[in-house]
Every structure is written in C-alpha cells, then in structure tokens.
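# Reading the structure
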Amino acid sequence: MTSKAVPWTSEAVLRIKALIFDFDGLILDTETPEYQVWQAIYSENGFELPHDKWEKIIGGAGLSSFDAAEHLSLLSQGQLDSVSLRDRFRSESHTLIHSQSILPGVMDYIHEAKRLGLKLAIASSSPHSWVDTHAKRLGIFDHFDAVICGDDVGPGRTKPNPDLFLLALDRLKVRKEAAIVFEDSPNGVKAANRAGIFVVAVPNPLTSTLLIEGSNLKVGSLNDLSLPDLLDKIK
C-alpha cells in the first residue's frame, strides 16, 4: 500500500500520545471461557444462562449486579449452593483461561507503540489481583506505563462509567484528544465515549454477538489493521 510511504508518523504521533487497552476480552479472551463454563453448569442442572443478563456485566458491572452463582442457586430453590457453584466455576474457567494465548495483533501494537514512543495503559473493570497476575504471567505487565483496575475507582464506578479511562489519562498525563482506547464490549465503548476518547471496537467471539454502538472504528481483530495504518486513518 502506498500510504505507508508518506510521513504518517510525524502527524499522527504529534497528536496521539497514548494507547489505552481493555484487558479481559481484548488482550486475553477470558470472557468466552467464563461464559462457556457458566453455560455448561446451568445446562447440566436443567437451566439456561440468561444471555440478556450476562451481557450487561461483560466489560464492567456498572449496569448490573447480576451474579450467576446466586441466580442459579435461586432457580434451584436453594438446592444448589452458590459458594460451591462459584468454586467450581473458578476451577474450570481457570483451566480454560490459562490455555488462552494473547489475542492476535496485541503484541504488534505494543511493540509498535514502544517504537513510536507512545505511552501504554491497561484500563480494566477487573481487580488488580486478576489483571496484574495474568499480565505478569503473559510477560506483558512491564510494557505498560499504568495499569488501572476496578479497585482504583469507587464502588459501582467501573465501565460503562468513564472513571477508569479518566484515571488512566491522569496517570499517563495526556489529554483525552491524545489517546486511543481499544475495547471489545458495549460497556467499554460506552465508558470511552463518556470519557471523550477515540475508541476502536475489537469484538471477541463472545462480544461479537452483542450490539456495540458508539465506536469510532470497528475491526474484527487488531491483526486486521496495523497501528501505523490506524494512526494514518485518524491523523
């Protein structure tokens, strides 16, 4: 493509100073395994996991307090214990998640951002105990200048509220106009919109079934559009 030969770096990098990544479902697909495990547990006990309730908590619980273990226990009229259900879910989803690789294109974006001198952050509704552990296990934690998690903001202030992204901007010391957010879920895109940041939607197999509105750009995978080409599009 001829567009790469022109000085896209000078213009775009003058404007864009930072990239902010969601974690679950964007860097590592934890969301599909979690859904599949709960779906199997519900089905095994003769019930159906309510997709409409589940989709509200993907990417952040700011819209709903749905708890699959409590819900299933209620459906069974107490025959199923929520603590045991949650323990089983953790064990089975843990195994599935640890078999997942970093999603396609993520490492290319990280390396290219470093080459261009862009700052990097993770902004996730999940707690540090989850995000930091997985990011260190995957060997990417030290690539990020800031890791902002659900326990860094007030109760009930995770996505779709903008607090995580606003805190990321503050920690990175960049203006909202100088950042790009990468999100896979409706909650995440809404949060980026409310923070006033350009947002690229990158749905995973689970969130691709959801209605994601409000993104400035949507790609099937970060492999579909390189960082240089993205910067070229928005300069």
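A brief look at the structure comes next. (Residues numbered from 1 in each chain as written. Predicted model: local features only at pLDDT ≥ 70, side-chain atom pairs only at ≥ 80, totals over all residues. Heavy atoms only, no water.)

## Quick notes on the overall build of the protein chain
Counting secondary structure elements, the protein chain contains ten helices and six strands. Here the C-alpha radius of gyration of the protein chain, 18 Å, is about what a compact globule of 235 residues would show, namely 18 Å. Summarising its shape, the C-alpha atoms of the protein chain cover approximately 65 × 35 × 30 Å along the three principal directions. For the protein chain, buried positions account for 51% of its 235 residues. For the protein chain, the share of sequence-separated contacts (at least 6 apart) that also reach a separation of at least 24 residues comes to 68%. Within the structure as shown, the protein chain displays about 10,900 Å² of accessible surface, and the carbon and sulfur contribution to it stands at 50%. Between the mean site of the 24 positive side-chain charges and the mean site of the 31 negative ones, the protein chain shows a separation of 7 Å. (Helix = DSSP H or I, 4+ residues; strand = E, 2+ residues; numbered from the N terminus. Rg over C-alpha atoms; globule rule 2.2 N^0.38 Å. Buried < 20%, exposed > 50% of the residue type's maximum accessible area, 1.4 Å probe, protein only. Contact = heavy atoms within 4.5 Å. Areas by Shrake-Rupley, 256 points an atom, 1.4 Å probe, with all protein chains shown as cover. Lys, Arg positive; Asp, Glu negative; His and termini not counted. Charge placed at Lys NZ, Arg CZ, Asp CG, Glu CD.)

## Notes on the side chain of His134
In this structure, His134 sits in helix H7 (residues 128-137). Relative accessible area serves as the criterion here: at 5%, His134 is assigned to the buried category. One polar contact links His134 to Arg137, side chain to side chain, over a distance of 3.0 Å. Apart from the residues lying within four places of it in its own chain, the contact partners of His134 are Phe23, Leu28, Ile97 and His98. (Polar contact = N/O pair within 3.5 Å; in protein donor to acceptor, adjacent residues only side chain to side chain.)

## A few points about helix H2 (residues 31-44)
Taking 1.5 Å of rise per residue, 14 residues should cover 20 Å, and H2 covers 20 Å from first to last C-alpha, within 8% of that figure. Within the sequence span of H2, burial applies to Glu31, Thr32, Pro33, Tyr35, Val37, Trp38, Ile41 and Tyr42. Those residues of H2 that are buried are in contact with helix H3 (51-54), helix H4 (68-75) and helix H5 (82-97). (Expected span 1.5 Å × (residues − 1).)

## Here's the deal with helix H9 (residues 186-195)
In an α-helix, one turn spans 3.6 residues, which is why side chains three or four residues apart end up on the same side. Along H9, seven of the ten residues are buried, which leaves the element largely enclosed by surrounding structure. Turning to H9, its buried residues number three or more, namely Pro186, Asn187, Gly188, Val189, Ala191, Ala192 and Ala195. Those residues of H9 that are buried are in contact with helix H8 (163-172), strand S4 (179-183) and strand S5 (198-201). Residue Gly196 follows H9 closely and has a positive phi angle near 75°.

## Re the environment of Arg115
Secondary-structure assignment places Arg115 in helix H6 (residues 106-116). Taking the C-alpha atoms as reference points, Arg115 and Leu164, separated by 49 residues in sequence, lie 26 Å from one another. For Arg115, the side chain forms a polar contact with the side chain of Glu112, separated by 2.7 Å.

## Some thoughts on the nonpolar core
Leu19, Phe21, Ile180 and Phe182 are the most contacted members of the largest nonpolar core, which totals 34 residues. Mapped by element, the contributors of at least two residues to this core are strand S1 (18-21), H6, strand S2 (119-123), H7, S4, S5 and helix H10 (227-234). Tallying contributions element by element places H6 first for this core, with five residues. Setting aside residues no more than four positions away along its own chain, Phe21 makes contact with Leu26, Ile27, Tyr109, Leu120, Ala121, Ile122, Ala123, Phe144, Phe182 and Leu222. In this structure, Ala123, Ala168, Leu172 and Val199 belong to the second largest nonpolar core, which totals 24 residues. (Core = buried A, V, L, I, M, F, W, Y, C linked by side-chain atoms within 4.5 Å.)

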